[in-house]
Number of protein chains: 4
Amino acid sequence: MTPQPNPERRSERARRAILDAVFEVAAAKGYGKVTIEAIAAAAGVGKPTIYRWWPSKGAVALDAVNDRIGDSMDFPDTGDIAADLTAQLTAVATMLTGDIGTIYRGIIAEAQSDPGLAADLRATMLEPRIQRCVRRLDAAVAAGQLRADLPARTMVDILYAPVYYRILLGAGPDETLRSPLLVRTVLEGLRPAAA
Amino acid sequence: MTPQPNPERRSERARRAILDAVFEVAAAKGYGKVTIEAIAAAAGVGKPTIYRWWPSKGAVALDAVNDRIGDSMDFPDTGDIAADLTAQLTAVATMLTGDIGTIYRGIIAEAQSDPGLAADLRATMLEPRIQRCVRRLDAAVAAGQLRADLPARTMVDILYAPVYYRILLGAGPDETLRSPLLVRTVLEGLRPAAA
Amino acid sequence: MTPQPNPERRSERARRAILDAVFEVAAAKGYGKVTIEAIAAAAGVGKPTIYRWWPSKGAVALDAVNDRIGDSMDFPDTGDIAADLTAQLTAVATMLTGDIGTIYRGIIAEAQSDPGLAADLRATMLEPRIQRCVRRLDAAVAAGQLRADLPARTMVDILYAPVYYRILLGAGPDETLRSPLLVRTVLEGLRPAAA
Amino acid sequence: MTPQPNPERRSERARRAILDAVFEVAAAKGYGKVTIEAIAAAAGVGKPTIYRWWPSKGAVALDAVNDRIGDSMDFPDTGDIAADLTAQLTAVATMLTGDIGTIYRGIIAEAQSDPGLAADLRATMLEPRIQRCVRRLDAAVAAGQLRADLPARTMVDILYAPVYYRILLGAGPDETLRSPLLVRTVLEGLRPAAA
DNA sequence: AAGTAACCGAGACGGTACGTCTCGTCTTGCG
DNA sequence: CGCAAGACGAGACGTACCGTCTCGGTTACTT
């Protein structure tokens, strides 16, 4: 994140091996066993190589998750805001229920006592996706599908919050399937006043 | 939580000192420095005394928070569901911004990789409060203030999720002050169809 | 050497296992592979247990050697100073050629850059044996077998120095067998002026 | 020592800088801080350049010491063997008490667990000086100043051993000043039988 | 009232992972 | 191709806590 060493000389091989090892170890032993030592061992890499480029385990995991997700979570725009949101939120909920979710929850947990990681989490993971959602919502507002008297960011919060709430505090995956109902309900509060 | 030793012989003095020490250490050094050793040292207690009565640091912290909150977070019922919810959610958000919140976030973090703690968290912290909220919402439904075609628990989720979302992922405390707006907006989606 | 923790609660089992492990590892892999980690692993002991009672690897090794030697290197007194010195020096040279010697040389090497260890080495290993030798030489001086105008400590230096010289810088064990000749020669310079 | 690369293309500038850097680092931080990395940094040289031409830190240090000493420690021959030996041994003891001695002791220490370095040490440092001393002693024997029934090498051992003994195991530099007394005493044992 | 059981404080123990240090090798331009 | 520079795989360092395990000592029931 804040590399003092020369990034041009960085070994791509090592970087890949480290990011992949995060998933390998998490899948094999659970996120609780994801330690810097375990990552280094699984990646066939020395510990200093990890510490050279990342400040903490959470930062590595965050990069690993970002790398794995890539641009795959792009926002759909079919013109139907309800359908698009349902699709997107379902996709997010599904992702957070699998391997990625296990690691992602660990990152959020670690960020509770690591302000730097929390900032990185918001900057690299949340903010870009929030921005894309904001753009989609703005389009919907312009199309008269959503009320205009509410900041788009607030709408995003209301929409995404239940997904995180259930991932972090919920009992099990079955509940996350109610996303469509949630979206529909929340949208009722977001529809234009005239509707 | 599952004490083999005889609870009748338990030292109340030690229990109090331990629960208080959680806050003392968290306030002095941050939750990251709250370790069993630090708690024992601050409480003037041996480590086995802690392990005798609690299975993990998170369990101690959870008891400490529950002990500190007590019944102070009871749900108001003025007849005006919007006012009651706003009051309650603001109270929760305020609490989660102070010392208690620091520890509470740590407990949630720890629960991500400790299913037992997660269960305790839900059973002793969330569920009772959800139940009280559900009762209040049921009354509001009966009074025709809220739509009846949605399970009360789902409404609770939608209402509380943004608070947790901001506490766990938000940028800062200022944002949490928007709770009233959130409640109003969400309630729009929860009003009776006829309204 | 300077134990902060309470020595009364010390585990004799662990102490024994650690001292024995030094020899075990040194015999199996050579003194170069004697690390704190290797000692801990071979002794079935945690690293902190070693660091709790010893300040460095060399200090552990010194204790191990002292423990192994015990009082076995006592000085003989048959009345014949030449025979006694030859016997003693041969015994020392023999000991320093075996397992103990391997470790002992390592300790001396480590002491070159660790003044504390050097002091311990002199205080626990060299000085007591020098004192015993001094006492024997004083008796020989009193018996008129050695010149009286030379401090006994200087005689000790002259007698022992070649043994260490060969152990630390010599080519091989065969040379150390010349001790009797050395003693005889050196003694020529130590005989009473009248002789 | 065993250079695979072409010695003709070797950079004399780098060689000089490396040998000087050994003393520079040792003087500034002590021999304990003399690492290959520190030498390379102080010399403004890449680590591989050192590894290309020397097998270990000790080998570099040995070359540095040999380079520094040069031929300055030549053996005097005034005809008076006692005076010559005293002069020479005092010179050696003095040298081993200064900067060179610090490094030299480190080399001896390292040689305890590095047979190759030990061999180099003997071949390049000890043996030539022993040979010169042997020649001087042989001359003294021929002149009837020393007994003839003892190999000159053994005499060398007896004479030099105390110096090394004190450097490597002694308490402090003050003791090394007694060299003249030592030499005189030892010589008593080396004088011709007829004397 | 004495005996005894169990909790208490204290802290040493066998471990795991930490983050750092140095090693000796490998890789990459520059001259 | 030797060089300066420095990233790399490896692994030991000394530290922090973990959770377990003795230890006396001090209550607080039992008989």
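All residue numbers refer to position in the chain's written sequence, counted from 1. A letter from A marks each chain and a number from 1 marks each ligand, given out in the order of writing. With the structure being a predicted model, the display of local features is reserved for residues of pLDDT at least 70 and the display and counting of side-chain atom pairs for 80 or more, all residues being used for whole-chain, interface and lining totals. The side-chain figures draw on all heavy atoms in the structure; neither hydrogens nor water molecules are used.

### What to know about the overall build of chain A
Put simply, the rule reads: Counting from the N terminus, the helices are DSSP H or I runs at least four residues long and the strands are E runs at least two residues long. Only protein chains enter the accessibility calculation, which uses a 1.4 Å probe. A residue is then buried if its area is under 20% of the maximum for its type, exposed if over 50%, and partly exposed in between. Contacts between residues were defined by any pair of non-hydrogen atoms, one from each residue, lying within 4.5 Å. Calculation of accessible area relied on Shrake-Rupley with a 1.4 Å probe; when residues are assessed, cover is drawn exclusively from the protein chains displayed. Charged residues are defined narrowly, with Lys and Arg counted positive, Asp and Glu counted negative, and His plus the chain ends left uncounted. Here the site of a charge means atom NZ of a Lys, CZ of an Arg, CG of an Asp or CD of a Glu.
The number of helices and strands found in chain A is 10 helices and zero strands. Along chain A, helices and strands appear, N-terminal first, in the series α-α-α-α-α-α-α-α-α-α. Expressed along its principal axes, the backbone C-alpha trace of chain A runs to roughly 60 × 35 × 30 Å. Relative to its 195 residues, chain A shows a buried fraction of 49%. Contacts in chain A between residues far apart in sequence, at least 24 positions, make up 65% of those at least 6 positions apart. When the accessible area of chain A is evaluated, it comes to approximately 8800 Å², of which 54% is carbon and sulfur surface. Computed over 23 positive and 23 negative side-chain charges, the inter-centroid distance for chain A is 4 Å.

### Digging into the nonpolar core
Convention followed: We define a nonpolar core as any set of buried Ala, Val, Leu, Ile, Met, Phe, Trp, Tyr and Cys residues linked to one another through side-chain atoms lying within 4.5 Å.
Counting residues in hydrophobic clusters, the biggest one holds 141 residues, and the most contacted among them are L137 of chain A together with L137 of chain B. Grouped together as the second largest cluster of nonpolar side chains are 140 residues, A26 and C133 of chain C together with I81 and M125 of chain D included.

### Things to note about the interface of chain B and chain A
How big an interface is tends to be expressed through the accessible area that disappears when the partners come together. For clarity, the cut-off: Take the accessible area each of two parts loses on contact, using a 1.4 Å probe, and add the two losses: that sum is the buried area. Any Lys or Arg side-chain nitrogen found within 4 Å of a carboxyl oxygen on Asp or Glu counts as a salt bridge. Pairs of N or O atoms are called polar contacts if they sit within 3.5 Å, as long as, within protein, a hydrogen donor faces a hydrogen acceptor (for residues adjacent in sequence, only side-chain-to-side-chain pairs).
Each partner contributes residues to the interface: chain B has 34 residues there, and chain A has 33 residues. At the boundary of chain B with chain A, total buried surface from both sides reaches about 3100 Å², with 63% on carbon and sulfur atoms. If you sort the residues of chain B by the area they bury against chain A, Q112, Y165 and L169 of chain B come out on top, with a joint share of 24%. For the interface between chain B and chain A, the tally reads two salt bridges. Here R166 of chain A and D157 of chain B are joined by a salt bridge, their closest N and O atoms 3.2 Å apart. Applying the counting criterion to the chain B and chain A interface returns six residue pairs in polar contact (both at pLDDT 80 or more). Secondary structure elements with two or more residues in the side of chain B that touches chain A: helix 6 (99–111), helix 7 (115–142), helix 8 (152–169) and helix 9 (179–190) of chain B.

### Quick word on the relation of the copies chain B and chain A
Our working rule: The copies are overlaid by a least-squares fit using only the C-alpha atoms of residues whose pLDDT is at least 70 in both copies.
Mapping chain B onto chain A calls for a screw motion: a turn of 179° about the axis and a shift of 0.1 Å along it, with 0.2 Å RMSD after fitting. The superposition of one copy onto the other is thereby described by a two-fold rotation axis. Same-surface contact between copies: 97% of interface residues of chain B are shared with the interface of chain A.

### Some points on helix 1 (residues 12–29) of chain A
Residues and elements named next belong to chain A. Heads up, the condition is: Multiply 1.5 Å by the residue count of a helix minus one, and that product is the helix's expected span.
For helix 1, which comprises 18 residues, the first-to-last C-alpha distance of 26 Å matches the rise-based estimate of 26 Å (1.5 Å per residue) to within 8%. Three or more residues of helix 1 are buried, namely A14, I18, L19, A21, V22, F23, V25 and A26. Buried residues in helix 1 make contact with helix 2 (36–43), helix 3 (47–53), helix 4 (57–69) and helix 6 (99–111). Of the residues trailing helix 1, G30 is marked for its positive phi of about 95°.

### Some points on the relation of the copies chain C and chain D
Relative to chain D, chain C is turned by 180° and slid 0.0 Å along the rotation axis, the superposed coordinates differing by an RMSD of 0.1 Å. The fraction of interface residues of chain C whose copies in chain D are also interface residues reaches 100%, indicating that both copies meet through the same surface.

### Describing the protein's contact with DNA strand E
Threshold: One heavy atom suffices: a residue is near a molecule or strand as soon as one of its heavy atoms comes within 4 Å of it.
Lining the immediate environment of DNA strand E, one finds 40 residues, of which K47, P48 and Y51 of chain A together with K47 and Y51 of chain D sit closest. For DNA strand E, the fraction of protein-proximal atoms (within 4 Å) that sit in sugar or phosphate groups is 64%. Take G46 of chain B: an N or O atom from its main chain is 3.3 Å from a phosphate oxygen of DNA strand E. With respect to DNA strand E, the backbone of S11 of chain C contributes an N or O atom lying 3.0 Å from a phosphate oxygen. Contributions of two or more residues to the surface near DNA strand E are made by helix 2 and helix 3 of chain A, helix 3 (47–53) of chain B, helix 1 (12–29) and helix 3 (47–53) of chain C together with helix 2 (36–43) and helix 3 (47–53) of chain D.

### Quick word on the packing of aromatic side chains
In plain terms, the rule: In this scheme Phe, Tyr and Trp rings, the latter by its six-membered ring, pair at centre separations within 6.5 Å, and the angle between planes marks the pair as stacked below 30 degrees, edge-to-face above 60, and tilted otherwise. A ring has a charge above it when a Lys NZ or an Arg CZ is no more than 6 Å from the ring centre and no more than 35 degrees off the ring normal.
Summed over the entire model, instances satisfying the criterion amount to eight aromatic pairs over all chains. Here the aromatic rings of Y164 of chain A and Y165 of chain B are separated by 5.6 Å at their centres, their planes lie at 50°, and the arrangement is tilted. Of this pair, Y164 of chain A sits in helix 8 (residues 152–169) while Y165 of chain B sits in helix 8, each in a different chain. Across the pair, Y165 of chain B and Y164 of chain A agree in class, each one buried. Taken together, Y104 and Y164 of chain A together with Y165 of chain B form an aromatic cluster joined through their ring pairs. Positioned above the aromatic ring of F23 of chain A is the side chain of R68 of chain A, whose terminal nitrogen or guanidinium carbon lies 3.8 Å from the ring centre. Here R10 of chain B stacks its cationic end above the ring of W54 of chain B, 4.8 Å away from the centre of that ring.

### Description of the domain arrangement of chain A
All names here are of chain A. Filter applied, for reference: Where a domain begins and ends is set by an automatic assignment or by a domain database.
Entries for chain A in the domain assignment read domain 1 (7–54) and domain 2 (72–190). Across the boundary between the two partners, domain 1 contributes five residues, which contact seven residues of domain 2. Here domain 1 meets domain 2 over a buried area of about 480 Å², counting both sides, of which 80% is carbon and sulfur. In this assembly, domain 1 and domain 2 are joined by zero salt bridges.

### Quick look at the side chain of R166 of chain D
Mapping R166 of chain D onto the fold places it in helix 8 (residues 152–169). A polar contact is formed between the side chain of R166 of chain D and the side chain of D157 of chain C, at a distance of 3.2 Å.

### A word on the pattern of salt bridges
Residues and elements named next belong to chain A. A full pass over the atoms with the stated rule returns 40 salt bridges over all chains. The shortest N-O distance in the salt bridge between E37 and K47 comes to 2.8 Å. Taken together, the residues E37 in helix 2 and K47 in helix 3 connect sequence positions 10 residues apart. Overlapping salt bridges bring together R16, D20, D67 and R68 as one network.

### What to know about the protein's contact with DNA strand F
For the record, the criterion: Three classes are used, and their members are as follows: Ala, Val, Leu, Ile, Met, Phe, Trp, Tyr, Cys and Pro are nonpolar, Asp, Glu, Lys and Arg are charged, and the others, Gly among them, are polar.
In the vicinity of DNA strand F there are 43 residues, among which W53 of chain A, P48 and Y51 of chain B together with K47 and Y51 of chain C approach most closely. Near the protein, within 4 Å, the atoms of DNA strand F are sugar or phosphate in 65% of cases. A distance of 2.9 Å separates a phosphate oxygen of DNA strand F from a polar atom in the side chain of T49 of chain D. Within the side chain of R52 of chain D, one N or O atom sits 3.2 Å away from a phosphate oxygen of DNA strand F. Contributions of two or more residues to the surface near DNA strand F are made by helix 1 and helix 3 of chain A, helix 2 (36–43) and helix 3 of chain B, helix 2 (36–43) and helix 3 of chain C together with helix 3 of chain D. Its residues assigned to classes, the surface near DNA strand F shows 15 nonpolar, 12 polar and 16 charged.

### Re the interface of chain C and chain D
In this assembly, 33 residues from chain C lie in contact with 34 residues from chain D. At the boundary of chain C with chain D, total buried surface from both sides reaches about 3100 Å², with 63% on carbon and sulfur atoms. Among the residues of chain C in contact with chain D, Q112, Y165 and L169 of chain C are the three that bury the most area, contributing 24% of the side total. The tally of links from chain C across to chain D stands at two salt bridges. Between the two partners, chain C and chain D, sit six residue pairs in polar contact (both at pLDDT 80 or more). Mapped onto the side of chain C that touches chain D, the elements with two or more residues apiece are helix 6 (99–111), helix 7 (115–142), helix 8 (152–169) and helix 10 (179–190) of chain C. Considering every element that reaches the side of chain C that touches chain D, the biggest residue donor is helix 8 of chain C, with 11 residues. A breakdown of the residues in the side of chain C that touches chain D according to their chemical character gives 19 nonpolar, five polar and nine charged.

### Describing helix 7 of chain B
Note the cut-off: What we call the bend at a residue is the angle made by axes fitted to the seven residues finishing there and the seven residues starting there.
A bend of about 45° at L126 of chain B is the largest found in helix 7 of chain B, and the proline P128 of chain B appears one to four places after it. Directly beyond the C-terminal end of helix 7 of chain B, a positive phi value near 75° is found at G144 of chain B.

### Side note on the packing of helix 7 (residues 115–142) of chain A against helix 8 of chain A
All names here are of chain A. Put simply, the rule reads: Axis lines are fitted to C-alpha atoms, over the contacting stretch for helices. Their N-to-C directions set the angle, which ranges from 0 to 180 degrees. Should an angle fall under 35 degrees it is taken as roughly parallel, and over 145 as roughly antiparallel, whereas 65 to 115 is taken as roughly perpendicular and any remaining angle as oblique. Definitions for this section: a left-handed crossing has its near helix turned counterclockwise from the far helix by less than a right angle. A right-handed crossing has that turn clockwise.
Following both chains from N to C, one finds helix 7 and helix 8 inclined at 120°, their axes separated by 9 Å at the closest point. As far as their axial angle goes, helix 8 and helix 7 are oblique. At the point where helix 7 passes helix 8, the crossing takes the right-handed sense. Between helix 7 and helix 8, the contacting residues are L126, E127, I130, Q131, C133, V134, L137, D138 and V141 on the first element and A152, R153, M155, V156, L159, Y160 and Y164 on the second. Of the residues that constitute the contact of helix 7 with helix 8, the class distribution is 12 nonpolar, one polar and three charged.

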